[in-house]
Amino acid sequence: MENKAVKKRSKNFKVEETAVLVEEVEKRRALLFGPLKGPNLTQFHRDRGWQQVVDAVAPTVRTAAELRSKFKDLKTRAKHRVNAVKREGRKTGGGQNEANTPLSAIDAKLSQFIGTDSIEGIAGGVDPFRRQGRVT
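Described below are features of the structure shown in this document. (Residues numbered from 1 in each chain as written. Predicted model: local features only at pLDDT ≥ 70, side-chain atom pairs only at ≥ 80, totals over all residues. Heavy atoms only, no water.)

To continue, consider the overall build of the protein chain. The helix and strand tally for the protein chain stands at six helices and zero strands. Going from the N terminus to the C terminus, the protein chain shows its helices and strands as α-α-α-α-α-α. Within the protein chain, the fraction of its 136 residues that count as buried is 24%. Sequence separation of at least 24 residues holds for 58% of the intrachain contacts in the protein chain that already meet a minimum separation of 6. Total accessible area on the protein chain is roughly 10800 Å²; 52% of this is exposed by carbon and sulfur atoms. (Helix = DSSP H or I, 4+ residues; strand = E, 2+ residues; numbered from the N terminus. Buried < 20%, exposed > 50% of the residue type's maximum accessible area, 1.4 Å probe, protein only. Contact = heavy atoms within 4.5 Å. Areas by Shrake-Rupley, 256 points an atom, 1.4 Å probe, with all protein chains shown as cover.)

Below you can see the structure in the form of structure tokens.
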């Protein structure tokens, strides 16, 4: 029998860790997600910025790769929740909004971080994958 190395599952993120993660990434937004221009802003600086986020969140428990992945997942989930709330709000018939849960404070902060264009699309934009009606 082969002895396969089993990857140990990391600890779940606490709500406080998630809130600190979002806050620290928001402080360093330009550094972590902006363009890398010239010798004053390189990948070294970006990696150092992520290390500062690690130091603020949980220096002994988390790695920069884990926090990057967690932040990416948080953005994706926030985008889905915002779209669900908006979709429910656009339904006809009035009454209560039947979205599963209202937006949390973290989801609201992330939706501002992401921006409306990323969530709703560009106003007046053309979807290249949608068939356009043609008059012949």
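Let us now look at the nonpolar core. Grouped burial of nonpolar side chains is what soluble globular proteins tend to show. In this structure, Leu21, Val25, Trp50, Val53, Leu67 and Phe71 are the most contacted members of the largest nonpolar core, which totals 16 residues. Those elements that provide at least two residues to this core are α1 (15-27), α3 (43-57), α4 (64-90) and α5 (105-114). The biggest single contributor to this core is α4, with five residues. Dropping the residues within four chain positions of it, Trp50 is found in contact with Val25, Leu32, Phe33, Ala64, Leu67, Arg68 and Phe71. (Core = buried A, V, L, I, M, F, W, Y, C linked by side-chain atoms within 4.5 Å.)

Across the interface, α3 lies against α4 with an axial gap of 9 Å and an inter-helix angle of 85°. With respect to α4, the element α3 is oriented roughly perpendicular. Along the contact surface, α3 presents Gln43, Asp47, Trp50, Val53, Val54 and Val57, while α4 presents Ala64, Leu67, Arg68 and Phe71. (Axes fitted to C-alpha atoms, helices over the stretch in contact; angles between N-to-C directions. Parallel < 35°, antiparallel > 145°, perpendicular 65-115°, else oblique.)

Time to look at the pattern of salt bridges. With the rule as written, the count across this model stands at five salt bridges. In this structure, Glu24 engages Lys27 in a salt bridge whose closest nitrogen and oxygen atoms are separated by 3.2 Å. Of the two residues, Glu24 and Lys27 are both situated in helix α1; the distance of three residues between them amounts to about one turn of the helix. Look at Glu24 and you get buried, because its relative accessible area is 9%. Residue Asp107 is joined to Arg81 by a salt bridge in which the shortest nitrogen-to-oxygen separation is 3.0 Å. Placement of Asp107 in helix α5 and of Arg81 in helix α4 is noted, with a sequence separation of 26 residues between them. Connected through salt bridges with shared partners, the residues Glu24, Lys27 and Arg28 form a single ionic network. (Salt bridge = Lys/Arg side-chain N within 4 Å of Asp/Glu carboxyl O.)

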